Amino acid sequence: MSNLVTLTIDGRSVSVPSDYTVLRAAEVAGIKVPRLCFLEGIHEASNCRVCVVKIEGQKGLKTSCSTRVQDGMIIKTNTKEVYDTVSFNLELLAGNHKFECWKCSRENSCEFLDLLRRYNVENDFSNAKLFDQKDILFNDTSGAMVIDSSKCVLCGRCVSACEKLSGLGILNFNKRGSKTFVGPALFHNLEDSGCIYCGKCIQACPTGALREDDQIKTFERALRDPKKVVVVQVAPAVRAALGEEFGYKIGTNVEGQLFASLKELGVNEIIDTNFTADLTIMEEGHEFISRLNHQGVLPMFTSCSPGWINYLEMYYPEYIPNLSSCKSPQQMAGALIKTYYAERLNKAAKDIVSVSIMPCVAKKAEAKRPEMGRNGLRDVDIVLTTRELARLIRHQGIPFRDLEPIKPFGDLASYTGAASIFGASGGVMEAALRTVSELLEGHSTPIEFMEVRGLEEIKEATYTIHGTEIRVAVVQGGMAIKKFLEHMKTGTKTYHFVEFMGCVGGCINGGGQPIVTAEIQEKVDVRAKRAKVLYAIDESTEFRKSHLNPAIQEIYESFLDKPNSHLAHTLLHTKYTKRSPYSGS
Amino acid sequence: MKSIEELIKLRDSARKNINMRLNPGSIRIQIGMGTCGIAAGAKHVYQKFQEEIREHNLKNIILTPVGCMGECAFEPLVEILESNGNHTIYCQVSERVVEDIVEEHIIGGTPIEKFFLSAIKR
Amino acid sequence: MLERIHVIICGGEACSKQEAKDIKREFDRLLEQEGLTDEAKTVMTGCMGLCEYHPVVVMYPGEVLYHNITVEAVATIIEEHIKHGRIVEQYRIPEPFDRGKIKNISQLKFYKMQKRIALRNCGVINPLDISEYIARDGYFALAKVLREMDPKAVIDTMKRSGLRGRGGGGFPTGLKWEFAAKSVDDIKYVICNADEGDPGAFMDRAVLEGDPHSVLEAMAICGYAIGAHQGYIYVRAEYPVAVERLEIAIRQARELQLLGRNILGSHFDFDIELRLGAGAFVCGEETALIASIEGERGMPRNKPPFPAVRGLWGRPTNVNNVETFANVPVIFMKGADWFKNVGTAKSSGTKVFALGGKIMNTGLIEIPMGTTLREAIYDIGGGIPNKRKFKAVQTGGPSGGCITEKHLDTPIDFDNLVELGSMMGSGGMIVMDEDNCMVDVARFYLDFTVEESCGKCTPCREGTKRMLDILNRICEGKGTEEDLDVLERLGKMIQESSLCGLGQTAPNPVLSTLKHFRSEYEAHVYDKVCPAGVCAKLTTFTITEDCIGCTKCARNCPVGAIHGKVKELHHIDPALCIHCGACKVACPVNAISTKPVMKEEHTHV
């Protein structure tokens, strides 16, 4: 099928496989055709009409993203006609776009703005005030995600991403014609729509129409409050991606600069969510062993990914008994900050502002769950995504690239390699297997479980531990979750332990991570590059098994007693409950 | 039906039933009952014909709805087909007019010219 | 007196009486000669109303009608019909109930200039009774196809007939079938596009309501030709009568096994289901229609791949519109060559139009391609009422354009209309007279498209809205010179870069009126005047001498701008008038004039 065809684009002859689109062929020829709505493999519906080209002998203009190459085609991408059409289409889009670039979440990653600059687009349609502006949907009631249709260019990427990546189809086009807007069907609010907050739509959006619910301002005010102690935790995957916001190559570890920048911002205490990742393995590992030995409900499902928790509670509540009762590392850290750590700091819990930096949008919703706190105080007060932190660093004029890397200066910051890989799909499973196998066998066991790593949506493996065959699986992304659970219902395969992540790739590809433009997504395997950072950290650590972390041993000795103790249960475990996707029903 | 022969048989018998000239003295009344006709009141006209036929105990009458007849501006349209070959189209027929048509035309045998299209248009 | 056969000869005025007499004499002479006077008897009658066919002879029993009889033909009829009981097909009027004696002259003209192929059964048969359709040779085309033809021959016949899609684009139907036939797949589909949506167009509805079986039969033929066993009719839910009759028709056809398994013993299976659309105009676009049937939002998809390759649920699919299908059985009954001879060389057959607007005979007409616009409007349509002057005719609905007086003698076919900047479309034909403002007309159609755009692609979604904004401004007297330029540039850009036909043709009503009636636009923009007196803000309301002084206008004026004593001529104070038009509505004698009064200060802008 991929025999070569030769065509001429802007006078350049180029030979490409016959299944290429004109857009791709142009790229091969070194010609940059403008594009806006095209998101390879996800959204190829050619809504925007910005990539139009003239094909000799064909009527009108054709979208290069959807037109297959043919032998002998003669294509012009830059005639006056094409240029005017592209400019006009961009001008039309600009006419309904609310320009608030100074406070836009896409200040440095707006694909739309790049095009407007490239074509030096006039903005008569909105400036002239003679033209109608359409109604705006603004929905920020979920506390996790915001839809602001005043920024939307109706490219449709989010709709496709929601359908094809989460498998849920929450976002859709509403109304029609010039009144069209994207939002949950039937004009529901996002929190009342069945959305799991995986944020795949945000990552797909070329503008700032979809974003996290921004808490930068709250954070800034907390930093300026003399009565408060600000304690910040940072999730494993953040260090693997934050650098991209400051011009580093995808797949650069910026852990030291990350902590340095937090210090620059005036944070009082820094802890590492990696620490509670190790703690999670202790709790979850022991829970698993206990279920295994006492005929508990199996397979046991991991509970670290709040997107996944949302998915299960809303769509497969019958499997709630399978969930580990462990809180996620973020919430374990939050609980410790407001109790154990407050005591250590000699502060009242109410004077501590607990902040987490997360690669995830669902974490914002998780922190707001009513059971995640005590005495009227939240365990985690503020959740910032990787992107929000990057914006804050930029806005404060902190020279990120020039910062001297530092180590965290809080007590709960040491971690093992097992914790660091939590951010990649399969990481939680591997970390758990490292500890569980050693605890069960009673002697040192292998470190690496390669079978559970990688980008495959559903990974399965069987390990013999202490004479028992342990069947495990790793499932990533909404589509695979549905497939796996449906299969579990009807199939004959049984498992002991399954790791689930709401996002394909795990936290490194979370909905709160830096935006990678559609063009770069095509060329670079972002997930693999970021995951590599985490596995590199793993290999460089002194201890690579959670139970070997001296700080973990210390906290059990001095505070928690032992895994799954009464206190551990009070602070580190929770209950999951069935929820309707639509509130009020 | 399993064969073309059966189809032919069905056609021929159907033709016999609806062919006016094979049924001397019979009258076929067609009411234009597309959406256009129905909107103009054809359903009431149809029902009125049913009532009138019952009331006068008329035999040998086929009353049938048909689709749009084209002259939508002048609906409801009623077409009377007689076995002698006479075809008459009445326009803007009301329930009141139905009584006249039945009495004067169908029973009396005299078409009522004032309800023809030419009269209406004037 | 008990002759076996009666020969009825029409001796009406319209037929040449002499010719009829000659024919009667010849019959009598030959019957005498053959010794058949006891067998047959001739009768001369008054006019049968079959004047189109004169001279006419009817044979009883059997009610066989022979037409265009000559004296020479009499011998053949006696030999074949009377002696051997064989019908002489050559002279036969095939229809069992022709429109015989229509006593109404204007109706006769209305029908006479038409040629009813697609509408052949509409208004003639009972659509609720399959036997009436069968009586008119219904399902015989299917029977013929199944018995005598292979799929290739069916497609060849379709290609030879020259039938082109009646839904708007005019793509050759036979070619379309061939593409679908050539796609290799076990499962294929036939779809009937009954999502008629043009404002003022209702020909598909008429066919579905008046003759549903012709569509079912044609779909089965198409299924046989392309290798499909399942058909869908996508009909809008706003057509409840059509939906009900289709349901009944499908049920009756299934009962007679004319749909379903092993149709007429041919081992060919075909069934049809209805799918109801919510009435979005864009779902008339075939890819959007397919998306809608699949349960998706009705938005067009990219072509290629064409539905013939990847259509419904990814399977090869042939989509034709209702009127196209309604022509198909006739092509097989009367032959491709017969069909090809109707109409013009490049557009064969007929076209159904919905006549509307400023025309006497509002309604549905079917005319051979090649009929001129003038014939359609004046001869069949009866011309413009109230002695007003013709201004333009709009064809093609919101995708079409306006055609002026100058081009009224153009024969109607696909290519000529496109040449004139309009298009065939699904068949709306709206006549406009001097009281129509062409800017307002363009605005009306654009408003429709803006409402009906699906919102998928930028040019159509945003561009048409911007054009409408501009037209609204122009109609309010706020237009600028630059607006006309932007309208043209936007229009061209939308045509070139929209995704589907809806968008690509949406600017046509504006561009064609801009071309033919630019002076009207300019009057709105420069002189701030609406020459037709339609755009209220640009119209000066005055009271004419016809005023009877009833005071109704003054009482209805919301701003008290009208003064006058009872039974005296009233006046409107232009300084107070807000152009709302309430007086015009209130006036019982139509004495409120909305003719623009050119103001001095406006003429020199």
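Everything here concerns the structure above.
Residue indices begin from 1 for each chain and proceed along its sequence in written order. Chains carry letters from A onward and ligands carry numbers from 1 onward, assigned in written order. Where totals are concerned, whole chains, interfaces and linings use all residues; where local detail is concerned, this predicted model gives features only for residues with pLDDT of at least 70, and gives and counts side-chain atom pairs only at 80 or more. Note that water and hydrogens are dropped before the side-chain values are worked out from all heavy atoms of the structure.

## Things to note about the overall build of chain C
A count of helical and extended segments in chain C gives 24 helices and 18 strands. Principal-axis analysis of the C-alpha atoms gives chain C an extent of 95 × 65 × 40 Å. With 605 residues in all, chain C has 60% of them scored as buried. Residue contacts are defined here by distance: any two heavy atoms, one from each residue, within 4.5 Å place the two residues in contact. Taking as baseline every contact in chain C between residues at least 6 positions apart, the subset at least 24 positions apart corresponds to 70%. Each accessible area is a Shrake-Rupley result for a 1.4 Å probe, and residues are judged covered by the shown protein chains and nothing else. Of the roughly 23,300 Å² of accessible surface on chain C, a fraction of 52% belongs to carbon and sulfur atoms. In chain C, 72 positive and 80 negative side-chain charges are present, and the distance between their average locations comes to 2 Å. The way it works is that DSSP assigns letters per residue, a run of H or I at least four long becomes a helix, a run of E at least two long becomes a strand, and they are numbered from the N terminus. Only protein chains enter the calculation, and the probe is 1.4 Å; a residue is then buried if its accessible area is under 20% of its type maximum, exposed if over 50%, and partly exposed in between. The convention is simple: Lys and Arg are positive, Asp and Glu are negative, and His and the chain ends are not counted. Charge positions are represented by NZ for Lys, CZ for Arg, CG for Asp and CD for Glu.

## A word on the sheet that holds strand β10 (residues 210-212) of chain A
Residues and elements named next belong to chain A. Any two strands between which DSSP finds at least two bridges are classified as paired. What the 3 strands build is an open sheet, ordered β6-β7-β10; its pairing is antiparallel. If you trace the sheet from one side to the other, it starts and ends with β6 (138-139) and β10, each paired once. Note: strand β7 (residues 145-148) against β10, 3 bridges, orientation antiparallel. In the sheet register, Met-145 faces β10, and the bridge partner there is Glu-212.

## What about the nonpolar core?
Residues grouped as a nonpolar core are buried Ala, Val, Leu, Ile, Met, Phe, Trp, Tyr and Cys residues, joined through side-chain atoms within 4.5 Å. Ranked by size, the top nonpolar core spans 83 residues in total, and within it Leu-210, Phe-219, Val-232, Leu-242, Leu-262 and Leu-265 of chain A carry the most contacts. Top contributing element to this core by residue count: helix α8 (residues 255-265) of chain A, with 5 residues. Not counting chain neighbours up to four residues away, the residues in contact with Val-232 of chain A comprise Phe-219, Leu-262, Val-267, Glu-269, Ile-270, Ile-271, Val-355 and Ile-357 of chain A. Formed by 79 residues, the second largest nonpolar core is a distinct cluster that contains Phe-140, Met-158, Met-203 and Ile-233 of chain C.

## A short note on a negative patch on the surface
All names here are of chain B. A cluster of acidic residues, Glu-51, Glu-55, Glu-95, Glu-103 and Glu-104, forms a negative patch on the protein surface. Listing elements by their share of the negative patch, those giving two or more residues are α3 (42-55) and α4 (95-107). Broken down by element, the negative patch gets its largest block of residues, 3 residues, from α4. When you line up the elements, Glu-95 lands in helix α4. Patch membership requires over 30% relative accessible area and the absence of a salt bridge. Like charges are linked within 9 Å, and nonpolar side chains (Val, Leu, Ile, Met, Phe, Trp, Tyr) within 5 Å. Here, a salt bridge means any Lys or Arg side-chain nitrogen found within 4 Å of an Asp or Glu carboxyl oxygen.

## Structural notes on the packing of helix α18 (residues 481-497) of chain C against helix α20 (residues 508-516) of chain C
Residues and elements named next belong to chain C. It is at 10 Å that the axes of α18 and α20 come closest, and there the two elements cross at 135 degrees. By the criterion of interaxial angle, the relationship of α18 to α20 is oblique. The handedness of the crossing between α18 and α20 is left-handed. Contact residues: α18 offers Leu-484, Leu-487, Glu-488, Gly-491, Lys-492 and Gln-495, while α20 offers Asn-508, Val-510, Leu-511 and Leu-514. Each residue gets one of three labels, nonpolar for Ala, Val, Leu, Ile, Met, Phe, Trp, Tyr, Cys and Pro, charged for Asp, Glu, Lys and Arg, and polar for the others, Gly among them. In the contact of α18 with α20, the residues fall into 5 nonpolar, 3 polar and 2 charged. To obtain an axis, a line is fitted to C-alpha atoms, over the contacting stretch when the element is a helix, and the angle between two such axes runs from 0 to 180 degrees between their N-to-C directions. Each angle receives one of four descriptions, namely roughly parallel if under 35 degrees, roughly antiparallel if over 145, roughly perpendicular if within 65 to 115, and oblique otherwise. Less than a right angle of anticlockwise turn of the near helix away from the far helix marks a crossing as left-handed, whereas a clockwise turn marks it as right-handed.

## Observations regarding the interface of chain A and chain C
Counting residues at the interface gives 35 residues for chain A, matched by 30 residues for chain C. The term buried area refers to how much accessible surface (probe radius 1.4 Å) is lost by two components on association, counted for both of them together. Summed over both partners, the interface of chain A with chain C buries about 2,800 Å², with 50% contributed by carbon and sulfur atoms. By the criterion of area lost to chain C, the three top residues of chain A are Phe-88, Leu-92 and Arg-176 of chain A, representing 22% of everything that side buries. At the surface where chain A touches chain C, the tally comes to 3 salt bridges. In this structure, Lys-179 of chain A engages Glu-451 of chain C in a salt bridge whose closest nitrogen and oxygen atoms are separated by 3.2 Å. N or O atoms closer than or at 3.5 Å make up a polar contact, with two conditions inside protein: a donor-capable atom paired with an acceptor-capable one, and, for residues adjacent in sequence, both atoms drawn from side chains. The interface formed by chain A and chain C includes 22 residue pairs in polar contact (both at pLDDT 80 or more). Elements represented by at least two residues in the side of chain A that touches chain C include exactly α2 (80-94) and β8 (171-174) of chain A. Top element by residues in the side of chain A that touches chain C is α2 of chain A. It accounts for 6 residues. Here the residues of the side of chain A that touches chain C are counted per class, giving 13 nonpolar, 14 polar and 8 charged.

## Examining helix α5 (residues 140-148) of chain C
Buried within α5 of chain C are the following residues: Phe-140, Ala-141, Leu-142, Ala-143, Val-145 and Leu-146 of chain C. Packing partners of the buried residues in α5 of chain C comprise α1 (4-18) of chain B together with α4 (130-135), α6 (151-161), α9 (212-226) and α12 (322-334) of chain C.

## Examining unusual backbone geometry
The omega torsion across Leu-298 of chain A and Pro-299 of chain A is -5 degrees, close enough to zero to call that bond cis. Along the polypeptide, Pro-299 of chain A turns up in the loop between α9 (273-293) and β13 (300-301). In this structure, Pro-305 of chain C follows Pro-304 of chain C across a cis peptide bond, with omega equal to 0 degrees. Among the structural elements, Pro-305 of chain C can be located in the loop between α11 (286-293) and β9 (317-321). Look at Thr-551 of chain C: it is not a glycine, yet its phi comes out positive at around 70 degrees. Assignment of secondary structure puts Thr-551 of chain C in the loop between β15 (542-543) and α22 (552-556). Looking at Thr-551 of chain C, the relative accessible area reads 17%, which means it is buried.

## Comments concerning the packing of α2 of chain A against helix α3 (residues 111-118) of chain A
Residue and element names in this part refer to chain A. Their axes nearest at 10 Å, the elements α2 and α3 cross at an angle of 130 degrees. Taken together, α2 and α3 sit at an angle that is classed as oblique. You can see that α2 and α3 cross each other, and the crossing is left-handed. Contacts between α2 and α3 involve Leu-90, Leu-93 and Ala-94 from the first element and Phe-112, Leu-115 and Leu-116 from the second. Partitioned by chemical class, the residues of the contact of α2 with α3 number 6 nonpolar, no polar and no charged.

## A few points about the sheet that holds strand β8 (residues 271-277) of chain C
Residue and element names in this part refer to chain C. Spatially, 4 strands are ordered β8-β7-β6-β9 in an open sheet, and the strand pairing comes out parallel. One side of each edge strand has no neighbouring strand; the edge strands of this open sheet are β8 and β9. Taking the axes of each pair of neighbouring strands and ignoring which way they run, one obtains an average angle of 20 degrees across the sheet. Two strands pair when backbone bridges link them, and strand β6 (residues 189-194) and strand β7 (residues 230-236) are joined in this way by 6 bridges, in the parallel orientation. Each residue of the ladder has a partner; that of Ile-191, found in β7, is Tyr-232. Contacts from helix α10 (residues 240-255) reach β7 and β8 within the one sheet, and its direction differs from that of β8 by about 170 degrees.

## Examining the packing of aromatic side chains
Residues and elements named next belong to chain C. Side-chain rings of Phe, Tyr and Trp, where Trp is taken by its six-membered ring, are said to pair if the distance between their centres is within 6.5 Å; with planes under 30 degrees apart they count as stacked, over 60 as edge-to-face, and otherwise as tilted. All chains considered together, the criterion is met by 27 aromatic pairs over all chains. Between Phe-171 and Phe-179, the aromatic rings sit 6.3 Å apart at their centres with planes inclined by 35 degrees, giving tilted as the arrangement. Classification of Phe-179 by relative accessible area gives partly exposed; the value is 43%. Between Tyr-232 and Trp-313 the ring centres are 6.0 Å apart and the planes differ by 70 degrees, which places this aromatic pair in the edge-to-face class.

## Structural notes on the pattern of salt bridges
If you walk through the whole model with that rule in mind, you get 88 salt bridges over all chains. Salt-bridge contacts for Asp-379 of chain A lead to Lys-327 of chain A; the nearest nitrogen and oxygen are separated by 3.7 Å. One end of the pair, Asp-379 of chain A, is in the loop between β16 (377-378) and β17 (382-385); the other, Lys-327 of chain A, is in the loop between α10 (306-315) and α11 (329-345), with 52 residues separating them in the sequence. The class for Lys-327 of chain A is buried, based on a relative accessible area of 2%. Between Asp-100 of chain B and Arg-96 of chain B there is a salt bridge; the shortest N-O distance is 3.1 Å. Of this pair, Asp-100 of chain B and Arg-96 of chain B both sit in helix α4, separated by 4 residues, roughly a single helical turn. The network of salt bridges with common partners includes Glu-430, Arg-434, Glu-448, Arg-453, Asp-538 and Arg-544 of chain A.

## Quick look at the pairing of β7 of chain A
All names here are of chain A. Burial of the side chains of β7 extends over both faces: Met-145 and Ile-147 are buried on one face and Val-146 and Asp-148 on the other. Pairing between β6 and β7: 2 bridges, direction antiparallel. Looking at β7, one finds that Asn-139 is bridged to Ile-147. The hairpin formed by β6 and β7 contains 5 residues between the paired strands, and Gly-143 there has a positive phi angle of roughly 75 degrees.

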